[in-house]
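# Structural overview
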Amino acid sequence: MPMITDFWFYAAAVPAVLLVGLSKGGFAGGLGILGVPMMALTVSPLQAAGILLPILIAMDMIGVWAYRKSFHKHNLLLLVPGAAIGILIGTLTASLVTDSFVRLLIGTIAVAFALDHWIGRRAEAAPKGINAPKGVFWGGVGGFTSFVAHAGGPPFQIYMLPQKLDKVVYVGTSVMFFTLVNLIKVPPYALLGQFQSENLMTSLVLLPLAPIGMGLGIKALHIIPEKPFYRIAYTALFLVGLKLVWDGLAPWLGS
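Every chain is numbered on its own, with residues counted from 1 as its sequence reads. Side-chain atom pairs in this predicted model are given and counted only at pLDDT of 80 or more, local residue features only at pLDDT of at least 70, and totals for whole chains, interfaces and linings cover all residues. Neither water nor hydrogens contribute to the side-chain values; these are computed over all heavy atoms in the structure.

## Overview of the overall build of the protein
Helix and strand labels come from DSSP, where a helix needs a run of H or I of at least four residues and a strand needs a run of E of at least two; each type is numbered from the N terminus. A tally of regular secondary structure across the protein gives eleven helices and zero strands. Along the protein, helices and strands appear, N-terminal first, in the series α-α-α-α-α-α-α-α-α-α-α. A compact globule built from 255 residues should have a C-alpha radius of gyration of about 18 Å, and the protein, at 17 Å, falls within 12% of that. Referenced to the eigenvectors of the C-alpha coordinate spread, the extents of the protein come out at roughly 55 × 40 × 30 Å. Working definition: with a 1.4 Å probe on protein chains only, accessible area under 20% of the residue-type maximum means buried, over 50% means exposed, and in between means partly exposed. The buried share of the protein, reckoned over its 255 residues, is 51%. A separation threshold of at least 6 residues defines the contact pool for the protein, and within that pool the share at least 24 residues apart is 86%. In this treatment the radius of gyration is a C-alpha quantity, and the globule benchmark scales as 2.2 Å times the residue count to the 0.38 power. Contact definition: two residues touch when any of their heavy atoms are within 4.5 Å.

Structure representation (structure tokens):
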């Protein structure tokens, strides 16, 4: 069966999958968003997304078991329908929207949100309650950006972080949300030809890294106290945003 054999691909893909696993397990916040950009150093972003999706789903299954009793159902009832709409939009516009545009959009939103949290002193603000319109909207943005580049983390965080939920409940809600989002993405990814044999065999080779990364992330989550956890989450969101803005501007900067 065909598969990717390039050394440099695996030099980028192995740490990328481990980083995604750490993030999926609850540690390193939104840094899992760097998975596709790291793998895209050696293959196209579209192929990187196709290779990563089966691995993400495997991680999701581990996460669902680990957090099956710790998630916020009401938030999911708002976020998931919005995400389904976003995925539909992503499917219909797949041939029109460039990776650079999506990265620039997500990165700008993420950086602005993190800066507003720090400069606007949102850290001291009281926890915000559930907001149906915002939940559906940010769920939709997350579904769209997740479909295009597995980059739904920042929109999810923008809606969820201000609620200041218990860290385990927050991570559990994230796990359940992206499990459903990734499963919804399977049919359109198949229609777009992202599950060709080379991609699937490469996914299979990288798959053993999924439980390793997830296990490390879950363990780290239960060790880190509440305040440092959210400090790491916002810092990760900011750093990821900067990386995505740079990637989005790169074609115009000649990089």
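Now that the structure has been shown, the text picks up again.
## Quick word on a nonpolar patch on the surface
Patch criteria: residues need more than 30% relative accessible area and no salt bridge. Like-charged residues are merged within 9 Å; nonpolar side chains of Val, Leu, Ile, Met, Phe, Trp and Tyr are merged within 5 Å. All accessible-area figures derive from a Shrake-Rupley calculation using a 1.4 Å probe, and residue coverage is judged against the displayed protein chains alone. Should a side-chain nitrogen of Lys or Arg be within 4 Å of a carboxyl oxygen of Asp or Glu, the pair is scored as a salt bridge. Judged by side-chain polarity, W246, L249, W252 and L253 come together as a nonpolar surface patch covering roughly 490 Å² of accessible area. On the secondary structure map, L253 appears in helix 11 (residues 226-253).

## Some remarks on the nonpolar core
Side-chain atoms within 4.5 Å are what join buried Ala, Val, Leu, Ile, Met, Phe, Trp, Tyr and Cys residues into a set we call a nonpolar core. Within the largest apolar cluster, 65 residues are counted, with the highest numbers of intra-cluster contacts made by F9, M39, L52, F177 and L206. Apart from residues no more than four positions distant in its own chain, F177 is found in contact with L76, L79, V80, A83, G139 and F156.

## Quick word on the pattern of salt bridges
Following the criterion strictly, the structure yields two salt bridges and no others. The partner of D60 in a salt bridge is K24, with the nearest N and O atoms 2.4 Å apart. Of this pair, D60 sits in helix 3 (residues 45-66) while K24 is found in helix 1 (residues 7-25), placing the two residues 36 residues apart along the sequence. When its relative accessible area of 1% is taken as the criterion, D60 is described as buried. With a shortest N-O distance of 2.6 Å, D247 and K243 are connected by a salt bridge. One end of the pair is D247 and the other is K243, both in helix 11 and four residues apart, which spans about a single turn. Classification of K243 by relative accessible area gives partly exposed; the value is 33%.

## Observations concerning the packing of aromatic side chains
The rule is short: rings of Phe, Tyr and Trp, with Trp giving its six-membered ring, pair when the centres are within 6.5 Å, and they are stacked under 30 degrees, edge-to-face over 60, tilted in between. Applying the stated criterion to the full structure yields ten aromatic pairs. When the centroid spacing of 5.9 Å and the interplanar angle of 45° are considered together, the rings of F156 and Y170 count as tilted. Of this pair, F156 sits in helix 7 (residues 153-160) while Y170 sits in helix 8 (residues 167-191), placing them 14 residues apart in sequence. In this pair, the class of F156 matches that of Y170, namely buried. Ring geometry for Y189 versus F195: centroids 6.3 Å apart, planes at 40°, classification tilted.

## Concerning empty space enclosed by the protein
The definitions used throughout rest on a 1 Å grid laid over the protein atoms alone, on which a cavity is an enclosed set of points accommodating a 1.4 Å probe that cannot get out and a pocket is an open set flanked by protein within 12 Å on both sides along at least five of seven lines; lining residues are those having an atom within 4 Å of a point. Grid points are joined across faces, edges and corners, and a volume is the space filled by probe spheres set on the points. Tallied over the full model, the rule gives two cavities of 30 Å³ or more. Roughly 30 Å³ of volume is contained in the second largest cavity. Lining the second largest cavity are I33, P37, V102, R103, I106, A149, A151 and L244. In terms of residue count, the dominant contributor to the lining of the second largest cavity is helix 5 (residues 99-119) (three residues). Residue polarity is assigned by list, with Asp, Glu, Lys and Arg as charged and Ala, Val, Leu, Ile, Met, Phe, Trp, Tyr, Cys and Pro as nonpolar; anything else, Gly included, falls into the polar class. Among the residues forming the lining of the second largest cavity, the class breakdown is seven nonpolar, no polar and one charged.

## Observations concerning the side chain of T202
Structurally, T202 is set in helix 9 (residues 197-206). With near-sequence residues (within four places) excluded, T202 lies in contact with M3, I4, F9, Y10 and I51.

## Topic: unusual backbone geometry
The backbone of K164 shows a phi angle near 50°, a positive value even though the residue is not glycine. Judged by relative accessible area, which is 31%, K164 ranks as partly exposed.

## Notes on the packing of helix 1 against helix 3
Remark: helix 1 packs on helix 3, axes separated minimally by 11 Å, with the N-to-C direction vectors making an angle of 30°. When the interaxial angle is binned, helix 1 and helix 3 end up roughly parallel. Crossing geometry of helix 1 relative to helix 3 is assigned as right-handed. Within the contact between the two elements, helix 1 uses F9, V17, V20, G21 and K24 and helix 3 uses I51, L52, I55, L56, M59 and D60. Among the residues making up the contact of helix 1 with helix 3, the classes are represented as eight nonpolar, one polar and two charged. Orientation is described by axes fitted as lines to C-alpha atoms, over the contacting stretch for helices, and by angles from 0 to 180 degrees between their N-to-C directions. In what follows, roughly perpendicular refers to angles from 65 to 115 degrees, roughly parallel to angles under 35, roughly antiparallel to angles over 145, and oblique to any angle outside these ranges. By definition, any crossing whose near helix is turned counterclockwise from its far helix by less than a right angle is left-handed, and any crossing with a clockwise turn is right-handed.

So far we have only geometry, and geometry alone does not tell us how the molecule works.
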